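# Descriptive structure summary
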Amino acid sequence: MAFEVPPLPYAPDALEPHIDAQTMSLHHDKHHQAYVDKLNGAVEGTDWASKTIEDIVANLGDLPSDIAGPVRNNGGGHLNHSLFWESMSPDGGGAPDGDLGAEIDAAFGSFDSFKEQFEAAGVGRFGSGWAWLVLDGGELKIVSTPNQDSPLTDGQAPLLGNDVWEHAYYLKYQNRRPEYLKAWWNVVSWGVVADRLAAARA
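Residues numbered from 1 in each chain as written. Predicted model: local features only at pLDDT ≥ 70, side-chain atom pairs only at ≥ 80, totals over all residues. Heavy atoms only, no water.

This part covers the pattern of salt bridges. Scanning the model with the defined rule gives 6 salt bridges in all. For Arg72, the salt bridge is made with Asp149, and the minimal N-O distance between the two is 2.7 Å. Here Arg72, found in helix α3 (residues 65-86), pairs with Asp149, found in the loop between β2 (139-146) and β3 (157-163); they are 77 residues apart in sequence, far enough to count as distant. The exposure class of Asp149 is buried, given its relative accessible area of 14%. Note that Glu119 and Lys182 form a salt bridge whose closest N and O atoms lie 2.8 Å from each other. Placement of the pair is Glu119 in helix α5 (residues 111-124) and Lys182 in helix α7 (residues 177-184), with a sequence separation of 63 residues. (Salt bridge = Lys/Arg side-chain N within 4 Å of Asp/Glu carboxyl O. Helix = DSSP H or I, 4+ residues; strand = E, 2+ residues; numbered from the N terminus. Buried < 20%, exposed > 50% of the residue type's maximum accessible area, 1.4 Å probe, protein only.)

Structural data, given as structure tokens:
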């Protein structure tokens, strides 16, 4: 079964004014589709075509050398973006509560401190990549990955990731990546992040 781009769980303009409709349409319909097309082309006819994207990204070291590069880049792009769309909602924003809120406070000092550290990871990522909240060895941590690399490859459970490739924000924010990172909190779906944390701890 070939990999497919999941449909957006909301309309392309639903995250306005924080993320514009044109960016969402291009990002989802063009960029994500390109990752999926190239991933399918790389694994076609191999045993990897029948595995889940999570299994593939978690076991990149087992890939044959002739497809390792394309699968790392495009498989990571498919997984990262699939998580990204689900992490946002027109009803998002605010602060996390419950176990997630308590764990963020405990790990980072406060929600505001967490946001500052997360934004710094995104601003500090040279070139293209991602900022992540992950569960690593039972602890919440903030990490940054280059290109389309996934924390899964390093044995970490990705809970929340923000795309800091220029295609994610340039139409609206141009070179103002810090402004994009701050605006993005208005659309984060904390319920989804809490569910991922619970699943990772199960």
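Right, let's talk about the packing of aromatic side chains for a bit. The final tally for this structure, using the stated rule, is 17 aromatic pairs. When the ring of Phe111 is compared with that of Trp185, the centres are 6.4 Å apart and the planes differ by 70°; the resulting orientation is edge-to-face. Taken together, the residues Phe111 in helix α5 and Trp185 in the loop between α7 and α8 (190-201) connect sequence positions 74 residues apart. Take Phe111: its relative accessible area is 14%, and that puts it in the buried class. Trp185 gets classed as buried once you look at its relative accessible area, which sits at 6%. (Phe/Tyr/Trp six-rings, centres within 6.5 Å; stacked < 30°, edge-to-face > 60°.)

Across the interface, helix α4 (residues 98-108) lies against α5 with an axial gap of 8 Å and an inter-helix angle of 70°. On the basis of their axis angle, the class for α4 and α5 is roughly perpendicular. Crossing of α4 against α5: the hand is left-handed. Side by side, α4 and α5 meet where Ile104, Asp105 and Phe108 of the first sit next to Phe111, Ser113, Phe114 and Gln117 of the second. Its residues assigned to classes, the contact of α4 with α5 comprises 4 nonpolar, 2 polar and 1 charged. (Axes fitted to C-alpha atoms, helices over the stretch in contact; angles between N-to-C directions. Parallel < 35°, antiparallel > 145°, perpendicular 65-115°, else oblique. Left-handed = near helix turned anticlockwise from the far one by under 90°. Contact = heavy atoms within 4.5 Å. Nonpolar A, V, L, I, M, F, W, Y, C, P; charged D, E, K, R; others polar.)

Okay, the environment of Lys172 next. By the element assignment, Lys172 lies in helix α6 (residues 170-173). Each C-alpha atom of the pair Lys172 and Gly161 lies 20 Å from the other, and the pair is 11 residues apart in sequence. Those residues in contact with Lys172 that lie beyond four places of it in its chain are Pro17, His18 and Asp20.

With that settled, the discussion passes to helix α1 (residues 21-43). The terminal C-alpha atoms of α1 lie 32 Å apart, and with 23 residues this matches the ideal 33 Å at 1.5 Å per residue to within 8%. Most pronounced at His27, the bend in α1 amounts to some 30°. Regarding α1, the residues found buried are Thr23, Met24, His27, His28, His32, Tyr35, Val36, Leu39, Asn40, Ala42 and Val43. Where the residues of α1 are buried, they touch α2 (53-58), α3, β3 and α6. Looking one or two places after α1, you find Gly45, whose phi comes out positive at around 80°. (Expected span 1.5 Å × (residues − 1). Bend = angle between axes of the 7 residues up to and from the residue.)

On to the environment of Trp190, then. One can find Trp190 in helix α8. Residue Trp190 is classed as buried on the basis of its relative accessible area, which comes to 8%. Separated by 173 residues in the primary sequence, Trp190 and Pro17 place their C-alpha atoms 19 Å from one another. The contacts of Trp190, once residues within four sequence positions are left out, are Gly93, Gly94, Ala95, Pro96, Leu100, Ile104, Phe111, Phe114, Leu160 and Trp185.

Okay, the pairing of strand β1 (residues 129-136) next. β1 sits mainly inside the fold: 7 of its 8 residues count as buried. Pairing of β1 with β2, which is carried by 8 bridges, proceeds in the antiparallel orientation. Each bridged residue has a counterpart across the sheet, and for Trp132 the counterpart in β2 is Val143. Counting the residues between successive antiparallel strands, the hairpin from β1 to β2 contains 2 residues, one of them, Gly137, with a positive phi of roughly 60°. Examined bridge by bridge, β1 and β3 share 6 bridges and lie antiparallel to one another. Within β3, the residue paired with Trp132 across the bridge is Gly161. (Pairing = 2+ DSSP bridges.)

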